[in-house]
Amino acid sequence: MLNRSRQTLFDDKAIIASDVGVLRTENQDRVAVLRVSDGPRPFVCFALSDGMGGMKDGGPCATVTIAAFFSSLIAASEIEPQRRLYMSTNVANEAVHRQWQGRGGATLSAILIEGSSSVYVSNVGDSRVYALDAEWTKLRRLTVDDNLKEAFGGADRGLVQFIGIGKSLVPNIQHVPPGSDSFFITSDGAHYFDEKIFEQLLVHATEPLRATDRLLALARWLGGPDNASVAALTLSNLMNKLGREGGSLPTVWSGHSQLHLQRLETKPPASDSPPSQPATEEQDRPVTSKPRTGAKRKIRLSKKAAQGDQLEIKISSDEGEDAADS
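These numbers were taken from a predicted model, which means no experiment stands behind them. (Residues numbered from 1 in each chain as written. Predicted model: local features only at pLDDT ≥ 70, side-chain atom pairs only at ≥ 80, totals over all residues. Heavy atoms only, no water.)

Caption draft 1: Quick look at helix α5 (residues 208-221). For α5, built from 14 residues, the straight-helix expectation of 20 Å at 1.5 Å per residue is met to within 8% by its first-to-last C-alpha distance of 20 Å. Along α5, the positions that sit buried rather than exposed are Pro 208, Leu 209, Ala 211, Thr 212, Leu 215, Leu 216, Leu 218 and Ala 219. In this fold, the buried residues of α5 make contact with β1 (4-9), β2 (14-19), β10 (180-186), α4 (195-205) and β11 (228-234). Gly 223, located one to two residues past α5, shows a positive phi value of around 120 degrees. (Helix = DSSP H or I, 4+ residues; strand = E, 2+ residues; numbered from the N terminus. Expected span 1.5 Å × (residues − 1). Buried < 20%, exposed > 50% of the residue type's maximum accessible area, 1.4 Å probe, protein only. Contact = heavy atoms within 4.5 Å.)

Caption draft 2: Fine view of the packing of helix α1 (residues 58-75) against helix α2 (residues 81-100). At a minimum axis distance of 8 Å, the contact between α1 and α2 shows a crossing angle of 140 degrees. Our classification of the angle between α1 and α2 gives oblique. Note on packing geometry: the crossing formed by α1 with α2 is right-handed. Together, Pro 60, Cys 61, Val 64, Thr 65, Ala 68, Phe 69, Ser 72 and Leu 73 of α1 and Arg 84, Leu 85, Met 87, Ser 88, Thr 89, Val 91, Ala 92, Ala 95, Val 96 and Trp 100 of α2 make up the contact between the two elements. Grouping the constituent residues of the contact of α1 with α2 by class yields 13 nonpolar, four polar and one charged. (Axes fitted to C-alpha atoms, helices over the stretch in contact; angles between N-to-C directions. Parallel < 35°, antiparallel > 145°, perpendicular 65-115°, else oblique. Left-handed = near helix turned anticlockwise from the far one by under 90°. Nonpolar A, V, L, I, M, F, W, Y, C, P; charged D, E, K, R; others polar.)

Caption draft 3: Molecular detail of the nonpolar core. Core analysis: the biggest nonpolar cluster contains 31 residues, and Leu 34, Phe 69, Phe 70 and Leu 73 have the highest contact counts within it. At the level of secondary structure, the elements contributing two or more residues to this core comprise β3 (29-36), β4 (43-50), α1, α2, β5 (108-114) and β6 (118-124). Per-element accounting of this core gives the leading share, ten residues, to α1. In terms of nonpolar packing, the next biggest core, distinct from the first, is built from 26 residues, Ala 131, Phe 183, Leu 238 and Leu 242 among them. (Core = buried A, V, L, I, M, F, W, Y, C linked by side-chain atoms within 4.5 Å.)

Caption draft 4: Focus on the pattern of salt bridges. Applying the stated criterion across every chain yields a total of eleven salt bridges. Between Glu 114 and Arg 41 there is a salt bridge, with its nearest N and O atoms 3.0 Å apart. Separated by 73 residues along the polypeptide, Glu 114 in strand β5 and Arg 41 in the loop between β3 and β4 bring together distant segments of the chain. Judged by its relative accessible area of 10%, Glu 114 is buried. Residue class for Arg 41 comes out partly exposed when judged on its relative accessible area of 26%. The residue Glu 207 makes a salt bridge to Arg 210 at a minimum N-O spacing of 4.0 Å. Looking at Arg 210, the relative accessible area reads 33%, which means it is partly exposed. One network of salt bridges, in which partners are shared, links Arg 128, Arg 141, Asp 145 and Glu 150. (Salt bridge = Lys/Arg side-chain N within 4 Å of Asp/Glu carboxyl O.)

Now the structure itself:
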């Protein structure tokens, strides 16, 4: 994997970027965007996952987290947003726990935008979501880190919950009231420095692309002790752009083409077979493959069983085009 990835989306109305930092040799952050344009509830979701340091397979855990999360969002696209985020966050937790049995994990922070401008946030771990008003004068942190210091008033910053922890997970889901126009998701490597400096940098940047570039540059200039990743968008600009775009199939953007959506053909049922039954919620859940050697893992879900096809989220370490439409 390259040391840095940077991709602008929706005619430069949003950006996802990641930097390995100065001290690390591997980037265990994953940042990606999902757009679903068809169905009764079209939406866009920005998500960031940071593999747990000191545990097993941090990078792969973060990759499976994003893939399982997106797969469930697609499968549950008709469910109201807060319940969908809660369910999909738990699906990601189950997928990682099933594969690593609590020995590996990741954070997950996501922004889901639905309808004319409804914004919902999900958070597990110590990656963060921030919001700025339309005038770029006031920064608010929307999430609380899942550590003893912030969640319980202790002194330890070790995480008390993460994706992959198992049944005890309690995702933090919220609806963001009107008034915020720009949003940022950051891994801890992009916000580890002084909070006042962080706020001043964003307030004076005036737009997401400049703010993201400055955050990653400052993180590196101050020593770059960890991977630093950012997803950023301005809601009003993004909604204007999305309103003019069509498309019937989901689209995923991710750094270095780590995630791809593909449509898979399946054999139609035999003529003497019973008619297909509608997919149940359990059938729609993504399932992870068994651990494999090599550079690829796969997550599949059954999108519409009656249509005789599948949507697959394919995870790879190959580098190629940054966007993949299925």
